[in-house]
Every structure is written in structure tokens, then in C-alpha cells.
Amino acid sequence: MRKIGIESGAYIRSWDTDFEAAFRKMRLHGFDCIDLNLAEVCNTPINIYMKTPEEFERILKDVKAAADKEGIEIYQTHGPWRHPPKDATEEDRAEWKAYMERGMYGNYILGCKYFVIHPIMPFGTGAEPDSEMFYKLNYEFFKSLIPTAEKYGVIICIENMPFGKQTLATPAQITDFVKHLDSDNVAMCFDTGHSAVLKVSPADGVRTMGEKLKAFHVHDNDTYGDRHECPFFGALNWADFRDALKECVDESVPVMLETTPGKAQIPNELRDMFLPCFAATAKFLAN
């Protein structure tokens with residue numbers, strides 16, 4: 001039976017969280033696994049990449065121990081990102097590569113195989129003045145990460161993006177790019193909401209990515225904005241998604257929600273009432 005999960009922000013809201021209590025609540029609400037968010041913007045002083053190497057290791061070992069104790073699988077992590085993007089220079093990309101490598105080491109500590117990251121965006125999130133250069137820089141960047149992925153036993157999952165004027169955005173573009181990289185350590189994370197903004201249905205995205213799809217970010221929207229709503233709260237076709245999931249994606253890949261009550265602006269007092277409903281929704285999509 002396919003497992004279900006949710007992004008960690010639904011339960012872990014800071015690195016001072018009681019991890020055992022968070023994972024215990026997750027399990028009671030009906031979730032099996034988690035997408036651990038190591039994606040905080042790296043130019044802020046509160047994120048995990050600003051910790052010392054010793055603190056970084058200690059925190060992630062504590063997370064791993066708590067997850068193991070409470071029976072929650074850390075199926076995937078979301079690697080680092082920063083907004084606005086800062087990838088324009090060779091120095092920027094070298095700094096970013098170091099963050100990525102540290103993130104993959106974090107996966108190794110966590111015993112987690114799948115590491116979700118975005119394409120680099122040397123020209124920002126708008127139209128590219130040089131699409132050939134955009135593609136070349138991404139190809140070189142991801143090729144340079146593969147030896148670290150091999151070292152730590154990690155599979156880099158490149159995520160489709162909602163920026164339609166870019167060369168690496170749609171499920172089809174990401175699929176072709178991953179095939180070009182031609183590595184057992186590179187696969188794809190399918191983001192249903194990003195795909196919908198580009199008018200590609202969740203089912204079509206699944207069918208396009210096929211067997212290289214190893215991670216999900218499942219959420220809903222109105223097809224105009226990346227709103228990270230719970231499935232069935234927007235305009236997407238989830239019946240067809242369920243069919244595509246059964247047809248194309250191995251059962252080892254969980255339905256992973258990338259939405260939280262906070263993103264839906266649900267008051268804190270009501271969070272624990274909604275989260276079991278989110279789990280039931282994910283279970284419905286998974287089976």
C-alpha cells in the first residue's frame with residue numbers, strides 16, 4: 001500500500017521543536033512519512049545551514065532518532081533554496097554548491113535517500129535573456145553535484161517549477177533534462193501546483209515523468225497562482241491524478257502533501273482538527 005506524508009512545516013516549525021512529540025502527533029493523525037524541509041532561505045541567520053557543523057549534525061541526529069522512535073519515515077528532504085535567486089556568478093554557484101553538498105550530507109545523517117532541489121536561476125525567475133546559457137549552467141551545476149550524491153547514496157530529485165518563461169519549468173522539460181544528465185543519482189520530484197500554474201494537469205505531469213518520478217509535492221490551486229492548498233480546495237482534476245498514479249508510479253513513492261494549515265491561514269487553535277483531514281485526503285489519493 002502506498003504511504004502518505006506531508007511537509008515538515010505542518011509539525012516542525014523551528015529547530016527547537018520537541019521532535020518526538022511532533023512525530024508522535026503526525027503518526028496519530030495518520031501520516032507515515034515526512035518531507036523534511038531543509039529549504040530555508042540560506043541568507044537568513046535562523047536556518048539550519050547557519051549552524052556550526054557540530055550543531056547541524058546534532059540536530060539532524062536528534063530528528064532521525066525521534067522519527068525512528070515514533071515510526072515516521074523521513075522519505076525525502078527539500079534541499080536549500082534562496083529567494084530571490086542568486087546564481088548569476090561563478091562565485092554564487094560555488095557557494096550554492098557547498099550548501100547543496102551539505103544538504104546531501106544531511107540526508108546521509110538522516111538515512112534519507114531523496115533530496116529535492118530546484119534548478120538554478122542565474123537570470124532570476126522571469127524570462128531568460130539566454131536560454132542556451134541557462135540550460136548549460138544548469139547542466140554543469142547538476143553534473144557537479146552527482147559525485148556527492150553518489151558518495152552519500154542520495155538521489156537528487158529535480159522539481160518542476162511554475163515559471164513558464166524558463167527553459168526548465170514544465171514536467172516535460174525537467175524529464176528531458178534528467179534524461180540528458182543520464183545518472184542513476186538524478187530523478188524527479190513532481191510538484192502538482194507548479195504544473196497546474198503552467199496549465200499541465202497533475203495526471204499529465206505524472207504520465208510525462210513516469211518511472212523517473214521518485215518524489216511528490218502534492219497541492220492544489222486555481223491554476224493561476226501557486227497557493228499550496230489542500231487537494232480538492234482548488235480546480236485540479238484529482239480523479240485523473242489517482243488513475244495516473246496507479247498506472248505510472250511505483251507504490252514505493254508516497255503521496256507527499258506540500259501544504260499546511262498555516263498556508264491555508266487556519267488559526268493555530270484549529271490546526272490539529274484539519275491535519276487528520278489532510279491525512280485522509282492524501283490516503284484517498286494514494287489508494
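Draft legend 1. Representation of unusual backbone geometry. The omega angle of the peptide bond from His 83 to Pro 84 is 0 degrees, so this bond is cis rather than trans. Relative to the assigned elements, Pro 84 resides in the loop between strand 3 (73–78) and helix 3 (90–110). A positive phi angle is found at His 228, which is not glycine, with a value near 55 degrees.

Draft legend 2. Fine view of the packing of helix 1 (residues 19–29) against helix 2 (residues 53–70). Closest axis-to-axis distance for the helix 1/helix 2 pair is 8 Å, and the angle between their directions is 35 degrees. Crossing of helix 1 over helix 2 shows right-handed handedness. From helix 1, Phe 19, Glu 20, Phe 23, Arg 24 and Arg 27 reach across to helix 2, where they touch Ile 59, Asp 62, Val 63, Ala 66, Ala 67, Lys 69 and Glu 70. Partitioning the contact of helix 1 with helix 2 into residue classes produces six nonpolar, no polar and six charged.

Draft legend 3. Expanded view of the pairing of strand 2 (residues 33–37). Taking burial as the measure, the five residues of strand 2 include four buried ones, the bulk of the element. Summarising the sheet, strand 1 (residues 4–7) and strand 2 pair through three bridges and their orientation is parallel. Across the sheet, Glu 7 pairs through a bridge with Asp 35, a residue of strand 2. Running through helix 1, the crossover from strand 1 to the neighbouring parallel element strand 2 is right-handed. Two elements, strand 2 and strand 3, share five bridges in a ladder whose sense is parallel. Each residue of the ladder has a partner; that of Asn 37, found in strand 3, is His 78.

Draft legend 4. The arrangement of the sheet that holds strand 4 (residues 114–117) in detail. One open sheet accounts for eight strands, arranged 7-6-5-4-3-2-1-8; its pairing is parallel. Looking at which strands have only one partner, the edges of the open sheet turn out to be strand 7 (213–217) and strand 8 (255–257). On average, each strand axis in the sheet is inclined to that of its neighbour by 30 degrees, with strand direction left out of account. Two strands pair when backbone bridges link them, and strand 3 and strand 4 are joined in this way by three bridges, in the parallel orientation. Paired with His 78 across the strands is Val 116, a residue of strand 4.

Draft legend 5. Region of the structure containing the pattern of salt bridges. Inspection of every chain in the model, using the stated rule, returns 15 salt bridges. Note that Arg 58 is salt-bridged to Asp 62, the shortest N-O span being 3.4 Å. Here Asp 62 and Arg 58 lie together in helix 2, a separation of four residues that amounts to about one turn. We classify Arg 58 as partly exposed; its relative accessible area is 46%. On the basis of relative accessible area, Asp 62 is assigned to the partly exposed category, the value being 37%. Linked by salt bridges that have partners in common, Glu 20, Arg 24, Arg 27, Lys 69 and Glu 70 make up one network.

Reading guide: rules and limits
- The numbers attached to residues start from 1 for each chain and follow its sequence in the written order.
- Thresholds applied to this predicted model are a pLDDT of at least 70 for local features of residues and 80 or more for the giving and counting of side-chain atom pairs; totals over whole chains, interfaces and linings are not thresholded and use all residues.
- In computing side-chain values, all of the structure's heavy atoms are included and hydrogens and water are not.
- By definition, any uninterrupted DSSP run of H or I lasting at least four residues is a helix, any uninterrupted run of E lasting at least two residues is a strand, and each is numbered from the N terminus.
- Angles run from 0 to 180 degrees between N-to-C directions of axes, and those axes are lines fitted to C-alpha atoms, restricted for helices to the stretch in contact.
- Crossings are classed by handedness, with left-handed meaning an anticlockwise turn of the near helix from the far one by less than a right angle and right-handed meaning a clockwise turn.
- Whether two residues are in contact is decided by their heavy atoms: any pair within 4.5 Å suffices.
- In this classification, the charged set is Asp, Glu, Lys and Arg, the nonpolar set is Ala, Val, Leu, Ile, Met, Phe, Trp, Tyr, Cys and Pro, and all remaining amino acids, among them Gly, are polar.
- Only protein chains enter the accessibility calculation, which uses a 1.4 Å probe. A residue is then buried if its area is under 20% of the maximum for its type, exposed if over 50%, and partly exposed in between.
- The criterion for strand pairing is that DSSP finds at least two bridges linking the strands in question.
- A clockwise course of the path from the first strand over the helix to the second, judged with the strands pointing away from the viewer, identifies a crossover as right-handed.
- We count a salt bridge whenever a side-chain nitrogen from Lys or Arg sits within 4 Å of a carboxyl oxygen from Asp or Glu.

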